[in-house]
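Fold and geometry: a report
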Amino acid sequence: MADTSETTTIPITVDFSGGLEMLFDSKRRHSISLPATDGSGKPANIAFLIDHLCRNLMKDPRAELFVLDNHIRPGILVLINDADWELEGEEAYEIQPRDNILFVSTLHGG
Amino acid sequence: MAPALCANCKTERALIKRPKNHAKLCKACFITVFEDEVHHTIISSQLFRLGEKVAIGASGGKDSTVLASVLKTLNERHGYGLELVLLSIDEGIKGYRDDSLETVKRNAVQYDMPLKVVGYDELYGWTMDQVVETIGKKGNCTYCGVFRRQALDRGAKMLGIKHVVTGHNADDVAETVLMNLLRGDLARLSRSTSIVTGDSRSEVKRSKPLKYSYEKEIVLYAHHKRLDYFSTECIYSPEAFRGSARGLIKQLERVRPTAILDIVRSGEDMARLVLGESTSSCACKGQKSAGLAFLEDDIGGCGSQNGRTPGGEMAAMDKQLRENEAHEALEVDIVKAMSENKVGSEKERELPIRSSNGTSRGPARQVLGNCKRCGYMSSQEICQACMLLEGLNKNRAQIQI
Ligand SMILES: [Zn+2]
């Protein structure tokens, strides 16, 4: 595992809704291959995923609509396999193969 | 981490952590509890009469879609006997309403409710696109909000309906409380906390059954019930949520989720101090707390809501806050205050509270009558919409409310 960690990826789906689609190619669902470990060799977690999405998937320059001070913007809900991320350890949750991560904004019009 | 079980049924996996009490619930229990709480609000504040015709201010957005869905469910479950109608406003912003109106049309089918769409052009002779052409993008949210407020009333009147419900949620109310607190406008603050605006003299009663519902839970309810809603930012207010009171609310929620309902309840307590009337936390006596100046309450601002919080004013306030570089300091103060005990009531009583009619701007003449121009009910001689229209028609942009 140590040798291949750089190239190992985890297949997951990431969904955006509540207006966040706009930042990601106006597409709701993205199937991505997430590097299994972050730069320092630690297993990929939600914090790493958010950073990864900003670097690789976001098509819109307005990153501040998604992250503020390196954390997910308050008012954006994160669901991990349909469960509130607060039940799953939030940023520290270690991503598993075939996880579905949903980012849904509460900030857009009602 | 082993998945947590639902605190209610203790069998299903918990998917929701409730902001108001941290309860962990499964999907089915969450949906039931959410609906039960709205039902409690409706019953305790005696919001509806049996057989009443009620228009739902529908934008196709999450709040009004959830409101329509929940009201339909509760109406059938508890036999309210309501005749529910969807009422949508078309501001005349090219491309902006197309998708949301399509959503509302689908909602009308999904919920089996009649739909009425009212356009600004037919009501005012101006679409928002034309307004923006005339005055530019600055301040246009004010126009949009003033027009929308009357549009809902007028649309309801056209349908012979005397009660309009809107999707204002607890976050909206908390935001309005904060904004009015920052402006020092306790009179308006207290009115904004009331679940019903308008009184016996008004032709159309307005209420917000989701007043105690967290925006987070509204979004989760829509998600877990797979409701069909539409999200967009108003193209004329791209900055609407940046560095705003809304942002502050969301940051407070992140630190301490109960903060939102605490702000709502603080607003109700302040309303009691201002008006000498109770707007208790379950709104049991909240109906009468609206002052005469209710027409100025709750003016829908920008964004895709029908009659949401004052976007134009909020934007102006945000700007001021940024300019004063006071924003950060305020946040820190508020966060600190939230984590400590509430301000003693002794101090609150010493505040120079303005009369319920007094506002910090404009003449305080608040006798309810009819607008001399359009005949529409107004607390001023000329209603706000007509004032703005006059300005527009003279191609003057600098009207401040
Ligand atoms: Zn349960």
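In this text, all values refer to a predicted model and were calculated from it rather than measured experimentally.

1. Focus on unusual backbone geometry
Residues and elements named next belong to chain B. Residue histidine 22 is not a glycine yet carries a positive backbone phi of 65 degrees. Relative to the assigned elements, histidine 22 resides in the loop between strand E1 (16-17) and strand E2 (24-25). A positive phi is found at aspartate 112, a non-glycine position, where the angle reads about 55 degrees. Structurally, aspartate 112 can be placed in the loop between helix H3 (97-110) and strand E5 (115-119).

2. Brief notes about the UniProt feature "binding site: ATP" (unreviewed entry) in chain B
Residues and elements named next belong to chain B. Within this numbering scheme, the UniProt entry marks Gly57, Ala58, Ser59, Asp63, Ile89, Gly167 and Asp172 as carrying the feature "binding site: ATP" (unreviewed entry). The residue serine 59 is located in the loop between strand E3 (53-57) and helix H2 (62-78) in this model. At 3.1 Å, the side chain of serine 59 and the backbone nitrogen of glycine 61 are in polar contact. Structurally, aspartate 172 can be placed in helix H7 (residues 170-183).

3. Quick look at helix H1 (residues 27-44) of chain B
Residue and element names in this part refer to chain B. With 18 residues, H1 ought to run about 26 Å at 1.5 Å a step, and its terminal C-alpha atoms sit 26 Å apart, in line with that. Taken together, the buried positions of H1 are occupied by Cys29, Phe30, Ile31, Phe34, Glu35, Val38, His39, Thr41, Ile42 and Ser44. Tucked inside the fold, the buried residues of H1 contact E1, E2, H2 and helix H9 (215-224). Positive phi appears at glutamine 46, one or two residues downstream of H1, with a value of about 45 degrees.

4. Points about the confidence of the model for chain A
The share of residues in chain A with pLDDT of 70 or more is 91%, and the mean pLDDT across the chain is 90. In this model, residues 1-5 of chain A is a region of pLDDT below 50 whose contacts with residues beyond four sequence positions or in other chains number one contact.

5. Digging into the coordination of the zinc ion
All names here are of chain B. Around the zinc ion, the donor atoms from the protein are Cys6 (SG), Cys9 (SG), Cys26 (SG) and Cys29 (SG), and they sit 2.3 Å away. Seen from the zinc ion, its four donor atoms lie at angles of 102 to 116 degrees, and the figure they make is tetrahedral. In the primary sequence, the donor residues of the zinc ion line up as C-x2-C-x16-C-x2-C. Taken together, the residues cysteine 6 in the segment before E1 and cysteine 29 in helix H1 connect sequence positions 23 residues apart.

6. Some words on the pattern of salt bridges
All names here are of chain B. Applying the stated criterion to the full structure yields 33 salt bridges over all chains. Between glutamate 37 and arginine 18 there is a salt bridge, and its shortest N-O distance comes to 2.8 Å. Placement of the pair is glutamate 37 in helix H1 and arginine 18 in the loop between E1 and E2, with a sequence separation of 19 residues. Judged by its relative accessible area of 3%, arginine 18 falls in the buried class. Between arginine 272 and aspartate 269 there is a salt bridge, with its nearest N and O atoms 3.3 Å apart. Here arginine 272 pairs with aspartate 269, and both are found in helix H11 (residues 259-275), just three residues apart, close to one helical turn.

About the thresholds
- Residues numbered from 1 in each chain as written.
- Chains lettered and ligands numbered in written order.
- Predicted model: local features only at pLDDT ≥ 70, side-chain atom pairs only at ≥ 80, totals over all residues.
- Heavy atoms only, no water.
- Helix = DSSP H or I, 4+ residues; strand = E, 2+ residues; numbered from the N terminus.
- UniProt positions renumbered as here; feature names shortened; annotations may be inferred.
- Polar contact = N/O pair within 3.5 Å; in protein donor to acceptor, adjacent residues only side chain to side chain.
- Expected span 1.5 Å × (residues − 1).
- Buried < 20%, exposed > 50% of the residue type's maximum accessible area, 1.4 Å probe, protein only.
- Contact = heavy atoms within 4.5 Å.
- pLDDT = per-residue confidence, 0-100.
- Donors = N, O, S within 2.8 Å, 3.2 Å for Na, K, Ca; no water.
- Tetrahedral: all angles 85-135°; square planar, octahedral: opposite > 155°, others 65-115°.
- Salt bridge = Lys/Arg side-chain N within 4 Å of Asp/Glu carboxyl O.

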